[in-house]
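Reading the structure
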Amino acid sequence: QPGLDRVQVHVPSVSVMAPIAGEWSVSASATMDDVSGASPRYHTAVSGASRMDDQRKAGDISVTRYLPHGTLSVGAAFSTEHDYRSRALSLQATFDSDDKNTSWALGLGGSDDAINPVNRIVQNEGRQTVSVLAGVTRIFTPVDIGQLTYTHSEGHGYYSDPYKLVDNRPRQRDQDTLLAQWNHRFVAADATSRLSYRYYRDSFGVRGHTLGGEYVQPLADGWTVTPELRLYTQSAASF
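Before going into details, it helps to say that this report is about the structure given with it.

Cut-off values and rules
- Residues numbered from 1 in each chain as written.
- Predicted model: local features only at pLDDT ≥ 70, side-chain atom pairs only at ≥ 80, totals over all residues.
- Heavy atoms only, no water.
- Salt bridge = Lys/Arg side-chain N within 4 Å of Asp/Glu carboxyl O.
- Helix = DSSP H or I, 4+ residues; strand = E, 2+ residues; numbered from the N terminus.
- Buried < 20%, exposed > 50% of the residue type's maximum accessible area, 1.4 Å probe, protein only.
- Phe/Tyr/Trp six-rings, centres within 6.5 Å; stacked < 30°, edge-to-face > 60°.
- Lys NZ or Arg CZ within 6 Å of the ring centre and 35° of its normal.

1. A look at the pattern of salt bridges
One pass over the full model with this rule turns up twelve salt bridges. Close ionic contact of E23 with R65 constitutes a salt bridge, the shortest N to O distance being 3.2 Å. With E23 in the loop between strand 2 (13–20) and strand 3 (24–38) and R65 in strand 4 (residues 51–67), the pair connects residues that are 42 residues apart, well separated along the chain. Note on E23: relative accessible area 40%, which makes it partly exposed. Residue R201 pairs with D176 through a salt bridge whose shortest N-O separation is 2.5 Å. Here R201 is found in strand 11 (residues 191–202), whereas its partner D176 is found in strand 10 (residues 172–186), with 25 residues between them in sequence. A cluster of three or more residues bridged by salt bridges with shared partners is formed by R85, R87 and D112.

2. Overview of the packing of aromatic side chains
Applying the stated criterion to the full structure yields three aromatic pairs. When the ring of F186 is compared with that of Y215, the centres are 6.1 Å apart and the planes differ by 45°; the resulting orientation is tilted. Here the residue F186 occupies a position in strand 10, and Y215 occupies one in strand 12 (residues 207–218), the gap between them amounting to 29 residues. The exposure class assigned to Y215 is partly exposed, which follows from its relative accessible area of 32%. Just above the ring of Y159 sits the side chain of R127; from NZ or CZ to the centre is 5.0 Å.

Below, the structure is given as structure tokens:
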């Protein structure tokens, strides 16, 4: 297929974080994704996706208050493209123990999405999601730290893919994720290992397991090399 350009993505972005009055901070970011190109003809010979050009604009802002034994953060995010718009709000708090060796995290978030595909299969469809987070981080030894985080999301609305023929998915989706992480510092080698396991399930019948490992080795002049291994398996949806 000579002369056909493949997909190109340009993603300029900017982020800033500024302290305010010693006990507050404000962070914000803005991103613009510009996607263009073509898909292989043998996959999309009769589809409008053979040639595509899409642009997404996204931004977020959060304000954090630092307390003697924790933090409190409030955030908002917005994303828009020609057929999709998403708005989200979040609230998160952390609490430290008296010895600062244990930290708990609690979070609450909500999003509201609007879907208007260009093929007009559906119009003014929406999806709303509420998520909660609970986690704990513990310093076990001077060189070992562990973290356990659980998240639960409940959503309802339009989950089908409007660009797939006869795609009909349930309008309710519950999701659960459990993430365990362990970092160990090798003092003699001036290196750190990062191990993680993630379990995922949802009401669509999907089950996923992710096992990851990293070894972070600092080098001279500020350089760092990090080999990584990631194993992942996922079941099919049941609908």
